[in-house]
Amino acid sequence: LWEVSSASKARHNFKWEVGYVFWSPDCVESAVIGINGQFPGPTIRAKAGDTIVVELKNSLPTEGVVIHWHGIRQFGTPWADGTASISQCAINPDETFVYRFKVDKAGTHMYHGHYGMQRAGGLYGSLIVEVAEGEEEPFHYDGEFNLLLSDWYHQNIFDQMAGLSSKPFRWIGEPQTLLINGRGQYNCSLEAKMNGSSSACDTSSSSCDVEPVVLPVLPMKTYRLRIASITSLASLNLATGNHKMTVVEADGNYVEPFAVDDMDIYSGESYSVLITTDQNPSSNYWISVGVRGRLPKTQPALAILNYQPNSPSMAMSSRPPTTPAWNDYARSRAFSHKIFSRQGAPTPPQNHPSIPHRQIALLGTQTRIDGHIRWSINNISLVLPSTPYLVSMRYGLKGAFGAPTKPTESLPRGYNVSKPPTNPNSTEGGNVYRLRFNATVDVILQNANALADNVSEIHPWHLHGHDFWVLGYGEGLFGKKDAAGFNLKNPPLRNTVVVFPYGWTAIRFVANNPGVWAFHCHIEPHLHMGMGVIFAEGIEHVGKIPDEAVGCGMAGKMWMKPPRVKH
Ligand SMILES: O=C1O[C@H]([C@@H](O)CO)C(O)=C1O
């Protein structure tokens, strides 16, 4: 997984056009951001070491666009990370940008919009990297299926964004439908529909049939399910009922295999699990996907494990498995605590008095700016500049992002994480942490009570440009002594990790990838409300940034050479 053999490497060329399409993901039609007229976007499949070239044309009439390749570290190509205002200028309507990057190791990944809330608008798809030619996975399976999980809102993203920045605040609420591979049933469970009890279904949608997700399997075989969550808000749990799942991969890294009946999956995370079809083959079986971490107002999504040669629509002999109670955090913690890297995986730098070279503690709080509700990190709510950071830093455009501020990196002493912030006001800022190239950096993600009493939410944090080791989780305010309990032996490598309510999560990574990288809560409205920071490292080692990534903000003005005109 972490070694790229020198066997033959392929190049995959794609021509994509991003535009609005009418689509009915859950039988309710709306304008959805599609790729080549399709929602979700096409699945990319490649092998480790291959090069992906996506010629992306923006056919959204009045919006810029970018695509982030979630899980791909972009070694040597930081301008292809697809983060507007961070790694590149947003691609203007009618313009084309070429994303060219290497997929350096195998894993289950995804891609999605990273500008405004376009991801929530439907701009996403799967990116699956198989092991390099001639190499083998460290586990056996006879077939595989891909399950891309998402949540869906009937309110369009413009109304959502306007609400989030309104005074008074208008929260987006819970999603209407959970989707598997872009398909779901609004106000209607697939079970009720299949049993013919359509009274349980919303009548406006009863005339519409969204094809259920069916996994055709043979008895007594082993299948790999690739599961990725790209939800806007929902934390999910996937349960297979009669079939045990053995977890083998998390975020493109092998884990020490462990068996579960159900598993949590947070936005931005991916897993592979193995299931063996060892149940009575005269039946089909349900797979359920339900909401965790917030009081659910959304029906679970269902898929069908269809033992061949049964008909996929035959009556089920069992009910869909129920996913755990939304607020059973002990169970969620227990699942997270089961994840360790597979034997032989790289371990974090350690055993040296100077390691970590730096510890950055990030306290996430819900705050107010001028009466608007925001999320802040160390009391600064992230706003992005008009000149992409990668460009302004690489070319030394001082002033492109205002006065250089040094955000704080320690926790306020004695902060009471179980009460609303005593000073709920914060300011907007850039939140840029410059990391010494090759430094070993620990980050403590500290959660706390939100603005309302007795509320603290789950935040899955995603780091661009890196995998990181998850060193540990704890409850309450992180203290120096907690570092003694870090797992340095077999911590899992990931790119997304959950921070539980009122708790902290500690990660470690090596700042060895020249570029400017976003690190943020993967909940779409939370990022939009400022819940993120920027890491910059090894800028002097960044190669030539393609011109198309550069032409906006201060860089756009400086590089613009008006043609000479004759008088
Ligand atoms: O960011 C959020 O805002 C609301 C709530 O805290 C205020 O209405 C909510 O549930 C969030 O996750």
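Residues numbered from 1 in each chain as written. Predicted model: local features only at pLDDT ≥ 70, side-chain atom pairs only at ≥ 80, totals over all residues. Heavy atoms only, no water.

Quick look at the UniProt feature "domain: Plastocyanin-like" (unreviewed entry) in the protein
Put simply, the rule is: UniProt positions are given in the numbering used here, feature names are shortened, and annotations may be inferred rather than shown by experiment. Think of it this way: any DSSP run of H or I at least four residues long counts as a helix, any run of E at least two long counts as a strand, and we number them from the N terminus.
Mapped onto this structure's residue numbering, the UniProt feature "domain: Plastocyanin-like" (unreviewed entry) falls at residues 18-131, 145-309 and 421-538. Helix makes up 0% of residues 18-131 and strand 43%, and the two end C-alpha atoms of the span are 29 Å apart.

Description of the site of the ligand
Heads up, the condition is: Throughout this document, a residue counts as near a molecule or strand when at least one of its heavy atoms sits within 4 Å of that molecule or strand. As used in this structure description, the phrase polar contact means that two N or O atoms lie within 3.5 Å; if the pair is within protein, one of them must be able to donate a hydrogen and the other to accept it, and residues adjacent in sequence are counted only when both atoms belong to side chains. For accessible areas, the Shrake-Rupley method is used with a probe of radius 1.4 Å. Any residue's cover is judged against the shown protein chains and nothing else. Residues were grouped as follows: Ala, Val, Leu, Ile, Met, Phe, Trp, Tyr, Cys and Pro as nonpolar; Asp, Glu, Lys and Arg as charged; and all remaining residues, including Gly, as polar.
The local shell around the ligand consists of Phe169, Trp171, Arg294, Gln366, Trp375, Glu457, His526 and Met529. Within the contact set of the ligand, an oxygen atom lies 2.9 Å away from a side-chain nitrogen or oxygen of Trp375. A distance of 2.8 Å separates an oxygen atom of the ligand from a polar atom in the side chain of His526. For the ligand, the protein covers 79% of the area, taking 310 Å² as the surface of the free molecule. A class-by-class count of the residues in the shell around the ligand yields 4 nonpolar, 2 polar and 2 charged.

Considering the layout of surface pockets
Put simply, the test is: In this analysis a 1.4 Å probe is tested at points of a 1 Å grid over the protein atoms alone, and where it fits but cannot get out there is a cavity; an open set with protein on both sides within 12 Å along at least five of seven lines is a pocket; lining residues have an atom within 4 Å of a point. Grid points are joined across faces, edges and corners, and a volume is the space filled by probe spheres set on the points.
What the largest pocket holds in volume is close to 430 Å³. In terms of lining, the largest pocket is formed by 21 residues, of which the most central are Gly116, Leu382, Leu384, Leu527 and His528. Taken together, the elements giving at least two residues each to the lining of the largest pocket come down to β7 (107-113), β31 (515-521), α5 (524-528) and β32 (532-537). Among the residues forming the lining of the largest pocket, the class breakdown is 11 nonpolar, 7 polar and 3 charged. By volume, the second largest pocket amounts to about 320 Å³. Lining the second largest pocket we find Gln359, Ala361, Glu409, Ser410, Leu411, Pro412, Arg413, Gly414, Leu477, Phe478, Gly479 and Lys480. Looking at the lining of the second largest pocket residue by residue, the classes come out as 5 nonpolar, 4 polar and 3 charged.

Topic: the sheet that holds β32
Note the cut-off: Pairing between strands is defined by DSSP: at least two bridges between the two strands are required. To define axes, lines are fitted to C-alpha atoms, for helices over the stretch in contact only, and angles between the resulting N-to-C directions are given on a 0 to 180 degree scale.
Strands sit in the order β24-β32-β31-β26-β29 across an open sheet of 5 strands; the sheet is mixed. Two strands bound the open sheet, and with one partner strand each, they are β24 (432-435) and β29 (496-499). The sheet shows a mean angle of 20° between the axes of neighbouring strands, taken without regard to direction. When β24 meets β32, the two strands line up parallel, connected through 4 bridges. Paired with Arg434 across the bridge in β32 is Ala536.

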